[in-house]
Amino acid sequence: MRRISVFGATGSIGENTLDLIGRRADYRVVALTGGRNVARLAELARSHRAEVAVTAYPACFSALKAALAGSGVDAAAGPEALVEAAGRPADWIMSAIVGAAGLAPGFAALAQGTTLALANKESLVAAGPVLMAEAARHGATILPVDSEHSAVFQALVGEDIAAVERVIITASGGPFRDWPAERLARATLAEAVAHPNWAMGQRISVDSASMFNKALELIETREFFGIAPGRIEVLVHPQSIVHALVGFSDGGLMAHLGPPDMRHAIGYALNWPARGALPVARLDLAALGSLTFEAPDPARFPALRLAREVMETGGLAGAAFNAAKEVALDHFIAGTIGFAAMAGVVEQTLDRLSSDPGLTIAPSSLDTVLAMDHLARVRAADAIADMSRKK
Ligand code: NDP
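Attention in this report is confined to the structure presented alongside it. Owing to the predicted nature of the structure, the values given are computational and were not obtained by experimental measurement.

**Concerning the pattern of salt bridges**
Oppositely charged side chains are able to pair whenever their charged atoms sit close together.
(1) Moving on: All chains considered together, the criterion is met by 28 salt bridges.
(2) Moving on: Residue Arg-177 pairs with Asp-178 through a salt bridge whose shortest N-O separation is 3.7 Å.
(3) Moving on: Given a relative accessible area of 23%, Arg-177 falls into the partly exposed group.
(4) Moving on: A residue is classified by how much of its surface remains accessible, and Asp-178, at 57% relative accessible area, is exposed.
(5) Moving on: Here the salt bridges share partners, and the residues they tie into one network are Lys-121, Asp-146, Glu-148, Lys-214 and Glu-217.

Here it is, written out as structure tokens:
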């Protein structure tokens, strides 16, 4: 029996992961975690016969316990319970909590030397070097789940990383690919989450619309594969069929194609190092007819430029960038800032932190990352307060 835990089970990645897990009789579910969607968490824990279900919020504990009454599934709540659940012996753990909240459980999972399927890209952006060092220290394996990074990972099988000349990750361009800047500034939450190709959680959908998702993925590529920033390119590809391409020193490009269905990348990580059959649609290239590519527009989507500046700064700039982006996103979702203001908040936060000597210090532990995360959230809130005063 292969023991499986899913962190962020009630989310889009979590549900897709459990869809695949539920098809296998040789898997046993250890821990499932969620946030506020306690009813769904209990339902999943019951149907997958989990050992324990954990909500991140202590205030949700009694509702979870009540929903699990008589099921034989233990209930727990709070950040410490998440970390405890990540330490429960499991052979494969999905890290699909959204945001920096995924950091501590991810580190706890690595400490048991297991295989961590990493959807939570924020972990690599905020704490890449520490996370990779922690995995090496415990003999743990990290597998990419982001479709682009899974694609690069697959294109690199059997290849010498030294022969990699460039990596190209694709972006659909999101719902606002063709929108002029004036219209972008007035974009609503409903418009931002209406992704043309992918069905994803609310937060990553908005990040896709602003290209902050691709900005995080640029940094994720650098951290995961150790590719120099100058060798990583972003290409807009509205059909979301080619997920990434790897260019080698002989000029050849290896592309990974697949339908926009996250069960492909999740399933690859689940079956790795083998390949197993997956219930994803097969591409009909003749029916698709054409695949198109274009360069991203840096003026309308400043997130990519900011990510490159962050990579140049190094140190804890990734932690600051991610935290500032999360605060800006919270405010956009709450309706307190406009869509285009998000990039301004992130840029101002990084400016405010630029004189802080701590920004450029290489992260040495999860605690140093969390301290920068906290500081950046304070600075981002200050930047938003200043912006609204000047209005
Ligand atoms: P969702 O918003 O759909 O789900 C997020 C999950 O995290 C839910 O289970 C949610 O619980 C839980 N959660 C929310 N806040 C907290 C918290 N503070 N502490 C602990 N758990 C929390 O997100 P996605 O599934 O879309 O994305 C998950 C991760 O995967 C993100 O890092 C994203 O960038 C990455 N990713 C997602 C892709 C996608 O296609 N969706 C593609 C590639 C990467 P609840 O809902 O119960 O509140």
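And the narrative resumes.
**Details of the site of the ligand**
(1) Moving on: Near the ligand you find 26 residues, and of these Thr-10, Gly-35, Arg-36, Glu-122 and Asp-146 are the closest.
(2) Moving on: Backbone polar atom of Ile-13 to an oxygen atom of the ligand: 2.9 Å apart, as the coordinates give it.
(3) Moving on: Looking at the shell around the ligand, the elements with two or more residues in it are helix H1 (12-21) and helix H6 (121-138).
(4) Moving on: For the shell around the ligand, a count of residues per class yields 13 nonpolar, nine polar and four charged.

**Observations concerning a nonpolar patch on the surface**
(1) Moving on: The grouping of Leu-257, Leu-283, Leu-285 and Leu-288 at the surface amounts to a nonpolar patch, some 290 Å² of accessible area in total.
(2) Moving on: Among the structural elements, Leu-285 can be located in helix H13 (residues 285-288).

**Section: the packing of aromatic side chains**
(1) Moving on: The final tally for this structure, using the stated rule, is eight aromatic pairs.
(2) Moving on: Between the aromatic rings of Phe-153 and Tyr-268, the centroid separation amounts to 6.4 Å while the plane-to-plane angle is 80°, which identifies the pairing as edge-to-face. In this pair, Phe-153 sits in helix H7 (residues 147-155) while Tyr-268 sits in helix H12 (residues 263-271), placing the two residues 115 residues apart along the sequence.
(3) Moving on: On the numbers, 5.8 Å between centres and 45° between planes, the contact of Phe-212 with Phe-321 is tilted. Of this pair, Phe-212 sits in helix H11 (residues 212-225) while Phe-321 sits in helix H15 (residues 317-334), and the two are 109 residues apart along the sequence.
(4) Moving on: Residue classification places Phe-212 among the buried positions, given a relative accessible area of 3%.
(5) Moving on: The exposure class of Phe-321 is buried, given its relative accessible area of 0%.
(6) Moving on: Following the ring pairs from residue to residue traces out a cluster consisting of Phe-153, Phe-224, Phe-225, Tyr-268 and Trp-272.

**Overview of the pairing of strand E10 (residues 242-248)**
(1) Moving on: Burial within E10 is extensive, with seven of its seven residues counted as buried.
(2) Moving on: Pairing between strand E8 (residues 164-171) and E10: five bridges, direction antiparallel. In the sheet register, Ile-168 faces E10, and the bridge partner there is Leu-245.
(3) Moving on: Where E10 and strand E11 (residues 253-257) come together, five bridges link them in antiparallel fashion.

**Section: H6**
(1) Moving on: Over its 18 residues, H6 extends only 20 Å from the first C-alpha to the last, a length that falls short of the 26 Å expected when each residue adds 1.5 Å.
(2) Moving on: The sharpest bend along H6 comes to roughly 105°, located at Ala-127, with the proline Pro-129 sitting one to four residues further on.
(3) Moving on: Every buried residue of H6 is listed here: Lys-121, Glu-122, Ser-123, Leu-124, Val-125, Ala-126, Ala-127, Gly-128, Val-130, Leu-131, Glu-134 and Ala-135.
(4) Moving on: Gly-139 lies just past H6 and shows a positive phi near 65°.

The rules behind these values
- Residues numbered from 1 in each chain as written.
- Predicted model: local features only at pLDDT ≥ 70, side-chain atom pairs only at ≥ 80, totals over all residues.
- Heavy atoms only, no water.
- Salt bridge = Lys/Arg side-chain N within 4 Å of Asp/Glu carboxyl O.
- Buried < 20%, exposed > 50% of the residue type's maximum accessible area, 1.4 Å probe, protein only.
- Near = heavy atom within 4 Å.
- Polar contact = N/O pair within 3.5 Å; in protein donor to acceptor, adjacent residues only side chain to side chain.
- Helix = DSSP H or I, 4+ residues; strand = E, 2+ residues; numbered from the N terminus.
- Nonpolar A, V, L, I, M, F, W, Y, C, P; charged D, E, K, R; others polar.
- Patch = residues over 30% accessible without salt bridge, like charges linked within 9 Å, V, L, I, M, F, W, Y side chains within 5 Å.
- Areas by Shrake-Rupley, 256 points an atom, 1.4 Å probe, with all protein chains shown as cover.
- Phe/Tyr/Trp six-rings, centres within 6.5 Å; stacked < 30°, edge-to-face > 60°.
- Pairing = 2+ DSSP bridges.
- Expected span 1.5 Å × (residues − 1).
- Bend = angle between axes of the 7 residues up to and from the residue.

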